[in-house]
Amino acid sequence: GAGVSQTPSNKVTEKGKYVELRCDPISGHTALYWYRQSLGQGPEFLIYFQGTGAADDSGLPNDRFFAVRPEGSVSTLKIQRTERGDSAVYLCASSLTGPRLAGNEQFFGPGTRLTVL
Amino acid sequence: AQSVTQLDSHVSVSEGTPVLLRCNYSSSYSPSLFWYVQHPNKGLQLLLKYTSAATLVKGINGFEAEFKKSETSFHLTKPSAHMSDAAEYFCVVSDHQAGTALIFGKGTTLSVSS
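Criteria and cut-off values
Positions within a chain are numbered from 1, following the residues in the order the chain's sequence is written. Chains carry letters from A onward and ligands carry numbers from 1 onward, assigned in written order. In keeping with the predicted nature of the model, local features appear solely for residues at pLDDT of at least 70, side-chain atom pairs appear and are counted solely at 80 or more, and the whole-chain, interface and lining totals rest on all residues. As a convention, hydrogens and water are excluded, and side-chain values are obtained from all of the structure's heavy atoms. Pairing of aromatic rings covers Phe, Tyr and the six-membered ring of Trp, with a centre-to-centre limit of 6.5 Å; geometry is then stacked below 30 degrees between planes, edge-to-face above 60, and tilted otherwise. Numbering of helices and strands runs from the N terminus; a helix is a DSSP stretch of H or I covering at least four residues, while a strand is a stretch of E covering at least two. A pair of cysteine sulfur atoms is labelled a disulfide when the two atoms are within 2.5 Å. Think of it in three bands: residues with accessible area under 20% of the maximum for their type are buried, residues over 50% are exposed, and the middle band is partly exposed, with areas taken using a 1.4 Å probe on protein chains only. Only protein atoms enter the 1 Å grid used here, on which a cavity is any set of points holding a 1.4 Å probe that cannot leave and a pocket is any open set flanked by protein within 12 Å on both sides along at least five of seven lines; residues with an atom within 4 Å of a point are listed as lining. Grid points are joined across faces, edges and corners, and a volume is the space filled by probe spheres set on the points. Residue classes follow a fixed rule: Ala, Val, Leu, Ile, Met, Phe, Trp, Tyr, Cys and Pro count as nonpolar, while Asp, Glu, Lys and Arg count as charged, and any other residue, Gly among them, counts as polar. Pairing between two strands is assigned when DSSP locates at least 2 bridges connecting them.

A. Region of the structure containing the packing of aromatic side chains. As enumerated under the stated definition, the model contains 14 aromatic pairs over all chains in all. Ring centres of F108(A) and F104(B) lie 6.0 Å apart, and the angle between their planes is 85°; on these two criteria the pair is classed as edge-to-face. Taken together, the residues F108(A) in strand β10 (residues 107-108) and F104(B) in strand β11 (residues 103-104) connect one chain to another. Pairing Y25(B) with F67(B) gives two aromatic rings, centres 5.7 Å apart and planes at 25°, and the pair type is stacked. Linking Y25(B) in strand β4 (residues 23-26) with F67(B) in strand β8 (residues 64-68), this pair joins segments that are 42 residues apart in sequence. One aromatic cluster is present, formed by Y33(A), Y35(A), F45(A), Y48(A), F108(A), F34(B), Y36(B), F90(B) and F104(B) through successive ring pairs.

B. How the structure looks around unusual backbone geometry. With omega at -10°, the peptide bond leading from T7(A) into P8(A) counts as cis. Following the sequence through the fold, P8(A) ends up in the loop between β1 (5-7) and β2 (10-13). The backbone of N61(B) sits at a positive phi, close to 60°, despite the residue not being glycine. Assignment of secondary structure puts N61(B) in the loop between β7 (56-58) and β8.

C. Structural context of the state of the cysteines. Scanning all chains against the criterion turns up two disulfides over all chains. Residue C23(A) pairs covalently with C92(A) via a disulfide, S to S 1.8 Å. Here the S-S torsion is close to -65°, and the disulfide linking C23(A) with C92(A) is therefore left-handed. A residue pair is termed long-range when its members are at least 10 positions apart, and C23(A) in strand β3 (residues 19-24) and C92(A) in strand β9 (residues 88-95) qualify at 69 residues. Both residues of the pair, C23(A) and C92(A), belong to the buried class. In this model C23(B) forms its disulfide with C91(B); the gap between the sulfur atoms is 2.0 Å. The chirality of the disulfide connecting C23(B) with C91(B) is left-handed, given an S-S dihedral of about -70°. Residue C23(B) is found in strand β4, and its partner C91(B) is found in strand β10 (residues 87-94); the two are separated by 68 residues along the sequence. Here the two residues C23(B) and C91(B) agree in accessibility, since each one is buried.

D. Seen up close, the layout of surface pockets. Size it by volume and the largest pocket reaches roughly 590 Å³. In terms of lining residues, the largest pocket is bounded by 26 residues, among which Q37(A), V89(A), R113(A), Q38(B) and N41(B) are the most central. Mapped onto the lining of the largest pocket, the elements with two or more residues apiece are β9 and β11 (112-116) of chain A together with β10 of chain B. Take the lining of the largest pocket: its biggest share by element is four residues, from β11(A). Empty space within the second largest pocket amounts to approximately 220 Å³. Lining the second largest pocket are 13 residues, and of these P43(A), E44(A), F45(A), I103(B) and F104(B) sit closest to its centre. Of all the elements in the fold, those that place two or more residues in the lining of the second largest pocket are β5 (44-50) of chain A together with β11 of chain B. Its residues assigned to classes, the lining of the second largest pocket comprises seven nonpolar, four polar and two charged.

E. Expanded view of the pairing of β5(A). Residue and element names in this part refer to chain A. The buried fraction of β5 is high, at five of seven residues. Pairing of strand β4 (residues 31-37) with β5 involves six bridges; the strand directions are antiparallel. When the sheet's bridge partners are listed, W34 is paired in β5 with I47. Following β4, the chain reverses through six residues before pairing antiparallel with β5; G40 in that reversal takes a positive phi of roughly 80°. Taken together, the three bridges between β5 and strand β6 (residues 53-56) define a ladder with antiparallel strand orientation. The residue of β6 that forms the bridge with Q50 is G53. Between β5 and β6, which pair antiparallel and follow one another directly, the connecting turn spans two residues, one of which, G51, has a positive phi of 70°.

Structure (structure tokens):
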């Protein structure tokens, strides 16, 4: 079956520009997560959605970052006034139910590599 | 607070020899622990998970890990390495009483030579 998909796979932009990154979770998965992976590091949590609402956005680094999931399926991560330090791979994951169930597995997409020049 | 420490940033083995990737964790509550693998240009794939059942956990592709509470460790092992095992491996903790996120280690790069 189809896994988590992310578009675009690569995005190059200039400092100060606005970007949108899209995530299509596995059909029927109610939970969706965004992570950011910088070079040589493990992924770091950004935000978690349960249905349409952001249940935990404690990982967003500042107010330039925002994410939506208006219909409880596809999500878009939005970055305003991009900075060179935003360059990273942005990963999306989904799970069948929320994370507070022990061992609930998150399925990851291939990521979007964002480069800010 | 939760945290994960992967003790080796890079491990090199020969094909057919055992693999040991070390991981120590810190968690306030009973954690769930995972190992994920990341091949170049591919998504993260779950190898195995521990969720307070059996302490020895078997995963895919012949990998297994043992949860040792007294040592706060969750080391990943495989008896015989294959060339296809070369990848980045992440130890991950989830403290679902304290938070909603997976906490990843910095990763261990496994190289396998013929």
